[in-house]
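A structural walkthrough
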Amino acid sequence: MTGVPKLNPKFSTKRAGTSKVPIINFEVSHHRAVAAVRLLRADKGKAFVDLLNEKANDSGENEMGYVERTLGFSTRHLDDRDIRLVTVIVAGTVRWKRYIDYLIMSLCSEEKVFSNMEPLLLQILRIGFFEILKLNVPAYAVVDENVRLAKVALRPGAGNMVNAILRKLLLLKETDSLPLPNIEGDDRAQARALSIIYSHPVWMVRRWIRFLGKEEALKLMNWNNSDPYFSLRVNTTNGYTRDDLVNRLEDLQVHYEKSIMDEFVRIREGMQAVLQAGLLKEGMCAVQDESAGFVVSVVDPQPGETIMDCCAAPGGKTLFMASRLAGQGKVSALDINKGRLRILMEAAKCHNLDDIITDIHGDLRLYAKESTVKYDKVLLDAPCSGLGVLSKRADLRWNRQFEDLEELVCLQDELLDSASLSLPHRVYMDMFLQNSSQMMVSIPQVQLSTLWMGHLLLVLSGQCTRTPTTR
Ligand SMILES: C[S@@+](CC[C@H](N)C(=O)[O-])C[C@H]1O[C@@H](n2cnc3c(N)ncnc32)[C@H](O)[C@@H]1O
């Protein structure tokens, strides 16, 4: 792929001149246009930002400005439905990128047609493929709209190409003959095929098969590719019950599901409505992953206890642990990042927990050497790769490199040593899955290790005298 797209002059000059009145271009489907530009930004990174600066004279224009200038409609006119569709299309297209690209390449007349394809054209095709394969949008709408978008954003020839490739895809789908790689050959070749079918980087597939076995690795990839849900935790410290939260969600017509954990409710859609209704601001609930709640359940804070949260910010687990203390006891929240710690304390105020929580700004590795304070319990939620939340963060799988994990494992090792050295009662370590296997073999004091929803929780007793890890 080469550079960033050249703008179609016809549209790039539309907003030039004296008129500031937004021009609404009814020719293109607005949510697809914004989705295509957002995907382009994700794909091109800095090259895209450079293009914005170059074309907009460093005016700080964002991607929305780009859409307005090049496609001729004001993104201010996007309604809630459009915004929701942009989110769905962008997340899904990014998630399935490897699989979709394999199909696009298979349907191009030659491999070089794919590798030389203009970046914006590729995004439009990816959107069309995602809509046909995963969203089941009516075929005529997908073809018509994406062809028109390619014609308007690029040129008529680009529209013809989109038309030809999407129609080929429809035919293959109808006849159930979509091309797929065979899972055969040595481990590496099989991982390569699986990485296309499940749309993950090859190194992740190989690593998970090695550590978890093929069956679990496939389950994990299916989970990563499923539509995510979000969890809300009711704030009992402010006197609310889960029924109160459920009643408000019903008023807002947000569909929910009660979690097996008492304080939690799951929602798949409707976060916008929850935010707009102010449920978070008024302290009724917090957005918190159930897996984070599970970690707190294992720590099981009891009234009167002192707890150290070693990597606390922005504070999801700190707040939940503090609320479990029922007004008696203390949580010390330590973090190296001052800004995130400030957010934590603001949330503590909102949740009426600022008497229970004390913030400590510092590097755990230094703090642990100097402090003589002992705690009843210590939670270490060390920085992680985020590989446990790939269903929610579609882009992460493409942004993480194997080398990032290596660095993280080093940091986690050091932090675990610090947490367990100077705070030697019980250390609860929560980490995402990426390096779980190394950790499990390397820490003889592990009393309990539980793998759940992408988290590995280790409960250690006494000081941590580990043998070197198997990195
Ligand atoms: C996974 S996040 C913690 C999330 C938090 N426990 C929660 O539930 O909201 C990891 C945190 O570790 C902090 N951190 C990284 N290195 C650190 C260090 N050397 N000492 C203390 N905190 C550190 C980061 O600033 C980040 O806020």
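All values reported here derive from a predicted model rather than from experimental measurement. (Residues numbered from 1 in each chain as written. Predicted model: local features only at pLDDT ≥ 70, side-chain atom pairs only at ≥ 80, totals over all residues. Heavy atoms only, no water.)

Considering the packing of helix α6 (residues 97-107) against helix α8 (residues 119-135)
Direction vectors running N to C along α6 and α8 enclose 105°, while the axes themselves pass 10 Å from each other. In this view, α6 runs roughly perpendicular relative to α8, as classed from their interaxial angle. Across the interface between the two elements, Lys97, Tyr99, Ile100, Asp101, Leu103, Ile104 and Leu107 from α6 touch Leu122, Leu125, Arg126, Phe129, Phe130, Leu133 and Lys134 from α8. By residue class, the composition of the contact of α6 with α8 is ten nonpolar, no polar and four charged. (Axes fitted to C-alpha atoms, helices over the stretch in contact; angles between N-to-C directions. Helix = DSSP H or I, 4+ residues; strand = E, 2+ residues; numbered from the N terminus. Parallel < 35°, antiparallel > 145°, perpendicular 65-115°, else oblique. Contact = heavy atoms within 4.5 Å. Nonpolar A, V, L, I, M, F, W, Y, C, P; charged D, E, K, R; others polar.)

A word on the UniProt feature "binding site: S-adenosyl-L-methionine" (unreviewed entry) in the protein
If you check UniProt for "binding site: S-adenosyl-L-methionine" (unreviewed entry), the listed places come out as Cys311, Ala312, Ala313, Pro314, Gly315, Gly316, Lys317, Asp335, Asp363 and Asp381 in our numbering. Positionally, Pro314 belongs in the loop between β5 (306-309) and α17 (316-324). Contacts of Pro314, omitting those with residues within four sequence positions, involve Arg340, Ile343 and Leu344. Along the polypeptide, Lys317 turns up in helix α17. (UniProt positions renumbered as here; feature names shortened; annotations may be inferred.)

Describing the nonpolar core
One finds Leu71, Phe73, Ile104, Leu125, Phe129, Val162 and Leu166 to be the most contacted residues of the largest nonpolar core, which totals 51 residues. Elements with a minimum of two residues in this core: α2 (30-44), α4 (63-71), α5 (80-95), α6, α8, α9 (139-153) and α10 (156-174). For this core, the element with the highest residue contribution is α8, accounting for ten residues. Once residues within four sequence positions are removed from consideration, Val162 is found in contact with Leu121, Ile124, Leu125, Asn146, Val147 and Ala150. With 24 residues, the next largest nonpolar core counts Met261, Ala312, Phe320 and Ala333 among its residues. (Core = buried A, V, L, I, M, F, W, Y, C linked by side-chain atoms within 4.5 Å. Buried < 20%, exposed > 50% of the residue type's maximum accessible area, 1.4 Å probe, protein only.)

Description of the packing of aromatic side chains
A full pass over the atoms with the stated rule returns three aromatic pairs. Centroid distance Trp96 to Tyr99: 5.7 Å. Interplanar angle 65°. Geometry classified as edge-to-face. Relative to Phe402, the ring of Trp203 lies with its centre 5.9 Å away and its plane at 70°, an arrangement referred to as edge-to-face. Placement of the pair is Trp203 in helix α12 (residues 202-212) and Phe402 in helix α21 (residues 402-422), with a sequence separation of 199 residues. Geometry around Trp96 places Lys134 over its ring, the cationic atom sitting 3.8 Å from the centre. A cation sits over an aromatic face here: Lys392 above Phe230, 5.6 Å from the ring centre. (Phe/Tyr/Trp six-rings, centres within 6.5 Å; stacked < 30°, edge-to-face > 60°. Lys NZ or Arg CZ within 6 Å of the ring centre and 35° of its normal.)

A word on the sheet that holds strand β3 (residues 264-267)
Reading across the sheet, the four strands line up as β2-β3-β1-β4 and stay open at both edges, with antiparallel pairing between neighbours. Every other strand in the sheet has two partners, leaving β2 (257-258) and β4 (285-287) as the edge strands with one partner each. Bridge count between strand β1 (residues 230-234) and β3: four bridges; the pairing is antiparallel. Directly across from Ser231, in β3, lies its bridge partner Arg266. This element, helix α14 (residues 242-251), spans β1, β2, β3 and β4 of the sheet and lies at about 20° to β3. (Pairing = 2+ DSSP bridges.)

Some thoughts on the environment of Ala312
Within the secondary structure layout, Ala312 lies in the loop between β5 and α17. Take Ala312: its relative accessible area is 6%, and that puts it in the buried class. Considered as a pair, Ala312 and Leu344 are 32 residues apart in the sequence and their alpha carbons are 8.1 Å apart. When residues no more than four places from it in sequence are discounted, the contact partners of Ala312 are Thr318, Ala333, Leu334, Asp335 and Leu344.

Considerations on the site of the ligand
Near the ligand there are 21 residues, and of these Asp335, Arg340, Asp363, Leu364 and Asp381 occur at the shortest range. For the ligand, an oxygen atom lies 3.0 Å from a polar atom in the backbone of Ala313. A distance of 2.9 Å separates an oxygen atom of the ligand from a polar side-chain atom of Arg340. With the chains in place, 87% of the 600 Å² that the ligand exposes on its own is no longer accessible. Those elements giving two or more residues to the shell around the ligand turn out to be α17, β6 (330-335) and α19 (364-370). Split by residue class, the shell around the ligand holds eleven nonpolar, four polar and six charged. (Near = heavy atom within 4 Å. Polar contact = N/O pair within 3.5 Å; in protein donor to acceptor, adjacent residues only side chain to side chain. Areas by Shrake-Rupley, 256 points an atom, 1.4 Å probe, with all protein chains shown as cover.)

Re α12
Three or more residues of α12 are buried, namely Trp203, Met204, Val205, Arg207 and Trp208. Looking one or two places after α12, you find Gly213, whose phi comes out positive at around 90°.

Regarding the environment of Val296
The topology assignment puts Val296 in helix α16 (residues 290-299). Counting along the chain gives 23 residues from Val296 to Leu319, while the straight-line C-alpha distance between them is 10.0 Å.

Description of a positive patch on the surface
Side chains of Arg188, Arg192, Arg206 and Arg210 sit close together on the surface and give a patch of like positive charge. Where the positive patch is concerned, the elements lending two or more residues are α11 (187-197) and α12. With respect to the helices and strands, the residue Arg188 is situated in helix α11. (Patch = residues over 30% accessible without salt bridge, like charges linked within 9 Å, V, L, I, M, F, W, Y side chains within 5 Å. Salt bridge = Lys/Arg side-chain N within 4 Å of Asp/Glu carboxyl O. Lys, Arg positive; Asp, Glu negative; His and termini not counted. Charge placed at Lys NZ, Arg CZ, Asp CG, Glu CD.)

Brief notes about the packing of α5 against α8
Each packed pair of helices is defined by two parameters, the angle between the axes and the distance between the axes. Across the interface, α5 lies against α8 with an axial gap of 10 Å and an inter-helix angle of 90°. In terms of axis orientation, α5 runs roughly perpendicular to α8. From α5, Val88, Ile89, Gly92 and Thr93 reach across to α8, where they touch Arg126, Ile127, Phe130, Glu131 and Leu135.

Brief notes about the pairing of strand β7 (residues 357-361)
Successive side chains on a regular strand alternate, one facing one side of the sheet and the next facing the other. For β6 and β7, the ladder comprises five bridges, and the chain directions are parallel. Across the sheet, residue Leu334 finds its bridge partner in β7, namely Ile360. The handedness of the β6 to β7 crossover, carried by helix α18 (residues 338-350), is right-handed. (Right-handed = clockwise from strand over helix to strand, strands pointing away.)

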